[in-house]
Amino acid sequence: MRLKEALLRDWRRESFDEIDSYLLRAVGGRRPETVPAPLDAVYDRAERRRVAHLLHGDQDFDRFEGLEAARRFAAVTAAHQLAAWQEITAAFDAAGVAVAGNKGPFLGALLDRPAGRMPVTTDLDLLVAEEQVAAAVAVLESLGYIRGLNIQDHAFVRMSSRSVRELEQEQGSFGQLAPMCRLLKLPELDDMQPGIERWLPDRKIVWTSAGIRSVLSVDLHFDLGHRSASGVAYPIPAAELLRDAVTVRHRGAELRTLDADTMTWLLCYRAYLDTAVFGERRFKPFADAAELIRARGRAGAAWDTATDRYPHIAGPVARTLRFLTDECGADLGAPVPAPVPDADEAPAPCSAHIVVCHGWGSRERSAPWVAELRSQLAAADVTVEESAPFRDVADPLTVGAAVAELRERAHAVRTRSPGTAVGFVGVSLGSTVALAAALADPSPDFLVAVSPVVDPVAESTGDDGGWSFLGSAVSPAFAEDLTACSPGRRLDRVGCPVLVLHGGQDNERRTHDAHLLAAGAAARDGRSARQEFPAGNHTLDNAPVGAAAAVSTWLDRLGLVALRSGNRS
């Protein structure tokens, strides 16, 4: 088991020992009666593992002098976090930006934790819809939060279009966007400086002539999913979680957060990924998940709904629950799923897997007909994921790189789910990518081209060597790659059935490409088809139901939507 190995074996030259074993039992709520080392050594390790709050209330540690400093620090920082949240949420409400909190004081509110026994954190994790990130950043800036500031070992990232893209792609960043920070006065702790310095050496505090300052950072999350090592995205959009947010009253403040069931399966999912996939030895997510399950239970129906919506959480959640029971001794009060084969991701079996490649300037989840298609195919165990390689027209991915990414996604699906039919859906310039990817071996099992672009052309802007594509300035390298990757006259090498969809209101060039591609595909494969939507625009966004129905009906005729993994004829 990768999870067990990551936590229990040597990691970054730090061995797993009897103290860690003791703390893991504490994570499960069954701490041994005998403390395996001096109290200060155990407490120091618990601090580093961020589970010192589990020792509070223990008769042995109640006489430990460092505990008082920890309680004072926890109570004061919790109060400041609640005050910061009230200020932030009022500003967000005034700006019309939906926001909810995750983990930290929000989890503390769900568990009704006493202030002195709250895990000390110096950040607020806030969920915001991707399309409202810019507005959320503006709100935080208006409150005095600063971007690009580096204090001690905080890794703040200066925001730019490039740095945000790089941050999104890093393992373990989970869609986190440019942490903000602000310095808070903590006069309540000025007289505790020696104790804090001695007993809480890892805490992010700054000593100044005016007293102690605590760094409060705000992390904006627009997606709590992850990206695999092969680059495949498994999204959990914050916008979807925000629809089910609840309000909890805690210590005189109202906190908008996730409901207990959602918080629990998210913690289980993240705990597995942080440890087994991203290589961090972290006890706290397991402790939080176990405590929440013990306190609030685990509702099967709610978890089944989450797994249906996000199949990729099933494996990680099951393995986390199994680890809590088998290795931590946790009593979760409900049957634990049977062990599942270990892997980076373990999505539920599906009959087919579709990768939608969007066109110039389009983003993931921006097409209404794709959302409708996902809804129509959910009952048939068909998963739909999206790629938007050209969303940043100022610095787009090249077509060649987008083709390689599309083929990597197909390879990843076939590797983890042999027998699953894999198909590409290309929209506009995305159809160029899909067609080019289909020319190589192995071919996809099916291809859908929406308003296909068979032979895209970049135009020279003159003697200065500049190039333009669809009105946007592009690099000479992009223009050269565009020409090299165009499927053009190689269309006869596409070996899978093709469905061509196009709108009657599209321009003459795209209509010509649609007829050209459809005629060639039909001559090669009698399963290929074409459908025109007379009132449809270029991307068929004004015909979402009809376009989605055309795809699902065609897949049904191919015999794919009724197919089950491993039963392919």
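Data block above holds the structure.
This section reports on the structure supplied with the text. Quick caveat, the model's predicted, so the values are computed rather than measured.

### Some points on the pattern of salt bridges
Line of reasoning, step 1. Tallying each qualifying case throughout the model produces 23 salt bridges.
Line of reasoning, step 2. Of the charged contacts in the structure, one is a salt bridge between arginine 256 and aspartate 93, with a shortest N-O distance of 3.4 Å. Residue arginine 256 is found in strand β9 (residues 253–257), and its partner aspartate 93 is found in helix α4 (residues 66–95); the two are separated by 163 residues along the sequence.
Line of reasoning, step 3. Residue classification places aspartate 93 among the partly exposed residues on the basis of a relative accessible area of 44%.
Line of reasoning, step 4. Where arginine 414 meets aspartate 445, a salt bridge forms, and the shortest distance between an N and an O atom there is 3.2 Å. Taken together, the residues span a long stretch of sequence, with arginine 414 in helix α15 (residues 399–416) and aspartate 445 in the loop between α16 (429–438) and β13 (446–450) at a distance of 31 residues.
Line of reasoning, step 5. When its relative accessible area of 17% is taken as the criterion, aspartate 445 is described as buried.
Line of reasoning, step 6. Taken together, the shared-partner salt bridges in this structure form one network comprising Asp17, Asp20, Arg45, Arg49 and Arg281.

### As for the sheet that holds strand β10 (residues 352–357)
Line of reasoning, step 1. One open sheet accounts for six strands, arranged β11-β10-β12-β13-β17-β18; its pairing is parallel. Edge positions in the open sheet fall to β11 (382–387) and β18 (529–533), since each of these has one partner strand only. Averaged over all pairs of adjacent strands, the angle between strand axes in this sheet comes to 15°, irrespective of strand direction.
Line of reasoning, step 2. The pairing of β10 with strand β12 (residues 421–427) spans six bridges and is parallel. When the sheet's bridge partners are listed, valine 356 is paired in β12 with valine 425.
Line of reasoning, step 3. Helix α14 (residues 368–378) contacts β10, β11, β12 and β13 of the sheet and is inclined by roughly 160° relative to β11.
Line of reasoning, step 4. Sheet strands in contact with α15 are β10, β11 and β12, and its direction is about 160° off that of β12.

### With respect to the pairing of strand β2 (residues 123–127)
Line of reasoning, step 1. Burial runs high along β2: five of the five residues are buried.
Line of reasoning, step 2. Burial of the side chains of β2 extends over both faces: Asp123, Asp125 and Leu127 are buried on one face and Leu124 and Leu126 on the other.

### Quick notes on the packing of helix α5 (residues 104–111) against helix α10 (residues 260–277)
Line of reasoning, step 1. Put simply, α5 and α10 touch, their axes get as near as 11 Å, and they point 125° apart. Comparing their axes, α10 and α5 come out oblique. As α5 runs across α10, the sense of the crossing is left-handed. Contacts between α5 and α10 involve Phe106, Leu107 and Leu110 on the former and, on the latter, Ala260, Met263 and Leu267.
Line of reasoning, step 2. Considered class by class, the residues forming the contact of α5 with α10 number six nonpolar, no polar and no charged.

### Focus on the environment of alanine 371
Line of reasoning, step 1. Tracing the backbone shows alanine 371 in helix α14.
Line of reasoning, step 2. Residues alanine 371 and alanine 548 lie 177 residues apart in sequence; the distance between their C-alpha atoms is 8.5 Å.

### Some thoughts on the nonpolar core
Line of reasoning, step 1. Judged by nonpolar contacts, the single largest core of 103 residues is most densely connected at Leu23, Val27, Phe61, Ile88, Leu126, Leu241 and Trp265.
Line of reasoning, step 2. Looking at this core, the element that brings in the most residues is α4, giving 12 residues.
Line of reasoning, step 3. Setting aside its immediate chain neighbours within four residues, leucine 241 contacts Leu127, Leu224, Ile236, Leu258, Thr262, Trp265, Leu266 and Tyr310.
Line of reasoning, step 4. Residues Val399, Ala434, Phe478 and Cys485 belong to the second largest nonpolar core, which totals 39 residues.

### A few points about unusual backbone geometry
Line of reasoning, step 1. With an omega of 0°, the peptide bond running from aspartate 441 to proline 442 counts as cis.
Line of reasoning, step 2. Tracing the chain through its elements places proline 442 in the loop between α16 and β13.
Line of reasoning, step 3. Located in the positive-phi region is arginine 50, a residue other than glycine, with phi close to 60°.
Line of reasoning, step 4. By secondary structure assignment, the location of arginine 50 is in the loop between α3 (39–48) and α4.
Line of reasoning, step 5. A relative accessible area of 26% places arginine 50 in the partly exposed class.
Line of reasoning, step 6. Of note, the phi angle at lysine 103 is positive, near 60°, even though the residue is not glycine.

### Digging into helix α19 (residues 544–558)
Line of reasoning, step 1. Look at α19: 21 Å from first C-alpha to last across 15 residues, which is about the 21 Å you get at 1.5 Å a residue.
Line of reasoning, step 2. Every buried residue of α19 is accounted for by Ala547, Ala548, Ala550, Val551, Ser552, Trp554, Leu555 and Leu558.
Line of reasoning, step 3. Looking at the packing, one finds that the buried side of α19 touches β10, α14, β13, β17 (498–503) and β18.
Line of reasoning, step 4. In the segment just after α19, glycine 559 is the residue with positive phi, at about 85°.

### What about the side chain of histidine 250?
Line of reasoning, step 1. Mapping histidine 250 onto the fold places it in strand β8 (residues 246–250).
Line of reasoning, step 2. In this structure, histidine 250 is in contact with Leu82, Gly108, Ala109, Asp112, Arg113 and Leu255, ignoring residues within four places of it in sequence.

Rules behind the numbers
For every chain, the first residue of the written sequence is number 1, and numbering continues from 1 onward in sequence order. Local features are withheld for residues below a pLDDT of 70 in this predicted model, meaning they are given only at 70 or higher, and side-chain atom pairs are given and counted only at 80 or more; totals for whole chains, interfaces and linings count all residues. Water and hydrogen atoms were dropped before computing side-chain values, which therefore reflect all heavy atoms in the structure. Salt bridges are counted wherever a side-chain nitrogen of Lys or Arg sits within 4 Å of a carboxyl oxygen of Asp or Glu. Think of it this way: any DSSP run of H or I at least four residues long counts as a helix, any run of E at least two long counts as a strand, and we number them from the N terminus. Throughout, exposure labels follow a simple rule: accessible area from a 1.4 Å probe, protein chains only, divided by the maximum for the residue type, with under 20% read as buried, over 50% as exposed, and the rest as partly exposed. Strands are labelled as partners when DSSP assigns at least two bridges between them. Axes, fitted as lines to C-alpha atoms, cover a helix only where it is in contact. Angles between the N-to-C directions of the axes lie from 0 to 180 degrees. Only heavy atoms matter for contacts: two residues are in contact if any of them lie within 4.5 Å across the pair. Each angle is binned into one of four classes, with values under 35 degrees roughly parallel, values over 145 roughly antiparallel, values of 65 to 115 roughly perpendicular, and all other values oblique. By convention the crossing between two helices is left-handed if the near helix lies anticlockwise of the far one by an angle smaller than a right angle, and right-handed if it lies clockwise. Each residue gets one label: Ala, Val, Leu, Ile, Met, Phe, Trp, Tyr, Cys and Pro are nonpolar, Asp, Glu, Lys and Arg are charged, and the others, such as Gly, are polar. Think of a nonpolar core as a cluster: buried Ala, Val, Leu, Ile, Met, Phe, Trp, Tyr and Cys residues, connected wherever their side-chain atoms sit within 4.5 Å. To estimate how far a helix should reach, multiply one less than its number of residues by 1.5 Å.

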